[in-house]
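Read off the chains here:
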Amino acid sequence: MASSSLSPLMKEDGECRNWAELPYELTSSILSRLNSIDILENAQKVCTSWRSVCKDPAMWRKIDMLNFGDKEYNLEMMCRHAVDRSQGGLLEIDISCFGSDSLFNYIADRSSNLRSLVLAFISPMTTEGLTEAIGKLPLLEELEVTEFEMGADYLKGVGQACPKLKTLKVLRIGTFGPPSHVSDDDALAIAETMHGLRNLQLFENSLTDAGLKAILDNCPDLEHLDLGYCFNVHFSGDLEKRCSERIKMLRRPNDGVIDIDLSIFEDSVTLDTD
């Protein structure tokens with residue numbers, strides 16, 4: 001699309017101004033509000049000035065690949081291209097419903113300064129692949145993983161590789177009912193390796209009061225704790241008192257508030273059944 005075809009922007013004095021003639025900083029601020037797919041597939045093709053802004057590494061400090069509704073795109077190739085454009089300056093990346101071990105290692109190899117990683121329904125990624133990639137991200141401070149079934153071993157690897165980790169969210173989307181088994185494996189891995197955690201969300205996790213106690217004993221800086229739908233936790237003994245005294249924001253298993261984006265879950269189901 002040529003710049004002359006852009007709709008003019010009307011200023012307060014009634015004078016028209018072409019969108020392509022906006023100051024660089026203002027254009028950058030506007031385009032940075034788009035997700036990465038929109039930038040690559042649409043915005044950068046509008047005009048020469050917009051393309052220049054879209055190629056600036058500063059535009060790729062955060063990569064948002066959560067818009068997966070249109071499957072005609074090669075999302076993995078687009079993600080690699082976006083990572084390349086960051087030129088090593090990538091700080092945050094969000095990915096949903098696509099990915100592979102090779103992609104995540106590609107990201108990690110080129111993004112050693114990464115601070116925040118959000119992964120939702122990524123397939124066919126493996127536990128080994130995720131652990132290997134995160135092992136290359138020593139500055140990671142925030143990790144969110146939403147999945148159906150994944151082994152717990154990777155949590156220990158994450159804790160050992162990422163000493164600066166402050167926020168961890170592990171969401172297992174299933175029946176929204178009582179867990180089918182009892183296991184403190186996740187909780188014990190967190191307690192053993194993530195002593196600096198401040199924010200922890202475990203959704204539909206199978207941990208028990210013993211696992212919760214281990215987390216409280218070993219994560220002294222924990223301030224926000226979300227145990228939504230973790231129905232094996234009953235706050236026996238002094239656990240209720242300890243949480244009330246230490247935790248600024250506590251969500252109990254039966255609080256009935258789901259602090260996750262269920263639209264991601266719905267779209268992922270649609271993708272899997274096509």
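Residues numbered from 1 in each chain as written. Predicted model: local features only at pLDDT ≥ 70, side-chain atom pairs only at ≥ 80, totals over all residues. Heavy atoms only, no water.

A. Expanded view of the packing of helix α9 (residues 209-218) against helix α10 (residues 239-246). The interhelical angle for the contact between α9 and α10, taken along N-to-C directions, is 35°, at an axis separation of 11 Å. When you trace α9 past α10, the crossing you get is left-handed. Contacts from Asp 209, Leu 212, Lys 213, Leu 216 and Asp 217 of α9 reach α10 at Leu 239, Arg 242, Cys 243 and Arg 246. Class assignment of the residues belonging to the contact of α9 with α10 gives a composition of four nonpolar, no polar and five charged. (Axes fitted to C-alpha atoms, helices over the stretch in contact; angles between N-to-C directions. Helix = DSSP H or I, 4+ residues; strand = E, 2+ residues; numbered from the N terminus. Left-handed = near helix turned anticlockwise from the far one by under 90°. Contact = heavy atoms within 4.5 Å. Nonpolar A, V, L, I, M, F, W, Y, C, P; charged D, E, K, R; others polar.)

B. Focus on helix α7 (residues 153-161). Among all positions of α7, only Tyr 154, Leu 155, Gly 157, Val 158, Gly 159 and Ala 161 are buried. On its buried face, α7 is in contact with α6 (127-134), β6 (142-147), β7 (167-172) and α8 (185-193). (Buried < 20%, exposed > 50% of the residue type's maximum accessible area, 1.4 Å probe, protein only.)

C. A look at the nonpolar core. Counting residues in each nonpolar core, the largest one holds 71 residues, and the members touching the most others are Ile 95, Leu 168, Ile 190 and Leu 212. Residue contacts for Ile 190: discarding those within four places in its chain leaves Leu 155, Leu 168, Leu 197, Leu 200, Leu 202, Ile 215 and Cys 219. (Core = buried A, V, L, I, M, F, W, Y, C linked by side-chain atoms within 4.5 Å.)

D. Here's a closer look at empty space enclosed by the protein. Counted according to the given criterion, the structure contains one cavity of 30 Å³ or more. As a volume, the largest cavity reaches approximately 60 Å³. Going through the elements one at a time, α5 (101-110), β5 (116-120) and α6 are the ones with two or more residues in the lining of the largest cavity. A class-by-class count of the residues in the lining of the largest cavity yields nine nonpolar, no polar and no charged. (1 Å grid on protein atoms, 1.4 Å probe; cavity = no way out; pocket = protein on both sides within 12 Å on 5 of 7 lines; lining within 4 Å. Points joined across faces, edges and corners; volume = space filled by probe spheres on them.)

E. Highlighting the packing of α7 against α8. Across the interface, α7 lies against α8 with an axial gap of 8 Å and an inter-helix angle of 15°. Here α7 is positioned roughly parallel relative to α8, judged by the angle of their axes. When the axes of α7 and α8 are compared, the crossing they make is right-handed. Counting all contacts with α7, which are made through Leu 155, Lys 156, Gly 159 and Gln 160, the residues of α8 involved are Asp 186, Ala 189, Ile 190, Glu 192 and Thr 193. (Parallel < 35°, antiparallel > 145°, perpendicular 65-115°, else oblique.)

F. Focus on the pattern of salt bridges. In this structure the tally under the stated criterion is 14 salt bridges. Lys 62 is the salt-bridge partner of Asp 94, the closest N and O atoms lying 3.9 Å from each other. Taken together, the residues Asp 94 in strand β4 (residues 92-96) and Lys 62 in strand β3 (residues 62-65) connect sequence positions 32 residues apart. On the accessibility criterion, Asp 94 (10% relative accessible area) is buried. Lys 241 is the salt-bridge partner of Glu 245, the closest N and O atoms lying 2.6 Å from each other. Of this pair, Glu 245 and Lys 241 both sit in helix α10, separated by four residues, roughly a single helical turn. The same class applies to Glu 245 and to Lys 241, which are both exposed. Linked by salt bridges that have partners in common, Lys 62, Glu 92 and Asp 94 make up one network. (Salt bridge = Lys/Arg side-chain N within 4 Å of Asp/Glu carboxyl O.)

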